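Coordinates in review
Each chain is listed here by its residues.
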Amino acid sequence: MEQELVVMEIICNAGEARSLSYEALRLSRERNFAAAEEKLFQAKECINKAHLIQTQLIEEDQGEGKVPMTLVMVHAQDHLMTTILAQEMAVEIVALNKKISER
């Protein structure tokens, strides 16, 4: 697969995961925790897809610079890493909202 397509797969999956994570936060503010947790699960699946592609690129490169590093590649990596952080924080915030609502 062309590198551009591979990179766009990372960006698209990361973007979808980020959107789902923020949707989960909104749902948890509305106390719809079942739906929020489902969105978080879906976000994690998207992250896993993007991470698998990233891992394949790393394996292909073998630390030898075989995969050209472009600005869009750097953007994809940055997008994925910030999305992972956003999803992890969303998990914690949804759990806190749930705990608060139980009181």
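Here the structure is a predicted model, which means the values were calculated and not measured.

Turning our eyes to something else, we now look at the nonpolar core. Within the largest apolar cluster, 18 residues are counted, with the highest numbers of intra-cluster contacts made by Val7, Ile10, Ala17, Leu57, Met73, Ala76 and Leu80. Those elements giving two or more residues to this core turn out to be helix H1 (3-29), helix H2 (33-61) and helix H3 (71-101). Excluding residues that lie within four positions of it along the chain, Leu80 makes contacts with Ile10, Ala14, Ile47, Ala50, His51 and Gln54.

Phi is mostly negative for residues that are not glycine, and the peptide bonds are mostly trans. Not every positive phi belongs to a glycine, and Arg31 is a case in point at roughly 65 degrees. By the element assignment, Arg31 lies in the loop between H1 and H2.

Another point: the state of the cysteines. Tallied over the full model, the rule gives zero disulfides. The thiol of Cys12 is not disulfide-bonded; the next cysteine sulfur, from Cys46, is found 10 Å away. Judged by relative accessible area, Cys12 falls into the partly exposed class, the value being 49%. Assessed through its relative accessible area of 10%, Cys46 is described here as buried.

To continue, consider the packing of H2 against H3. H3 packs onto H2 with a crossing angle of 155 degrees between their chain directions and a minimal axis gap of 10 Å. Looking at the two axes, H2 sits roughly antiparallel to H3. By crossing handedness, the relation of H2 to H3 is classed as left-handed. Residue-level inspection shows Phe33, Ala36, Glu37, Leu40, Ala43, Lys44, Ile47, Ala50, His51, Gln54 and Leu57 of H2 in contact with H3, the latter providing Met73, Gln77, Leu80, Thr83, Ile84, Gln87, Ala90, Val91, Val94, Asn97, Lys98 and Ser101.

In this section: the side chain of Asn13. Structurally, Asn13 can be placed in helix H1. In this structure, Asn13 is in contact with Cys46, Lys49, Ala50 and Ile53, ignoring residues within four places of it in sequence.

Rules of the game
Residues numbered from 1 in each chain as written. Predicted model: local features only at pLDDT ≥ 70, side-chain atom pairs only at ≥ 80, totals over all residues. Heavy atoms only, no water. Core = buried A, V, L, I, M, F, W, Y, C linked by side-chain atoms within 4.5 Å. Buried < 20%, exposed > 50% of the residue type's maximum accessible area, 1.4 Å probe, protein only. Helix = DSSP H or I, 4+ residues; strand = E, 2+ residues; numbered from the N terminus. Contact = heavy atoms within 4.5 Å. Disulfide = S-S within 2.5 Å. Axes fitted to C-alpha atoms, helices over the stretch in contact; angles between N-to-C directions. Parallel < 35°, antiparallel > 145°, perpendicular 65-115°, else oblique. Left-handed = near helix turned anticlockwise from the far one by under 90°.

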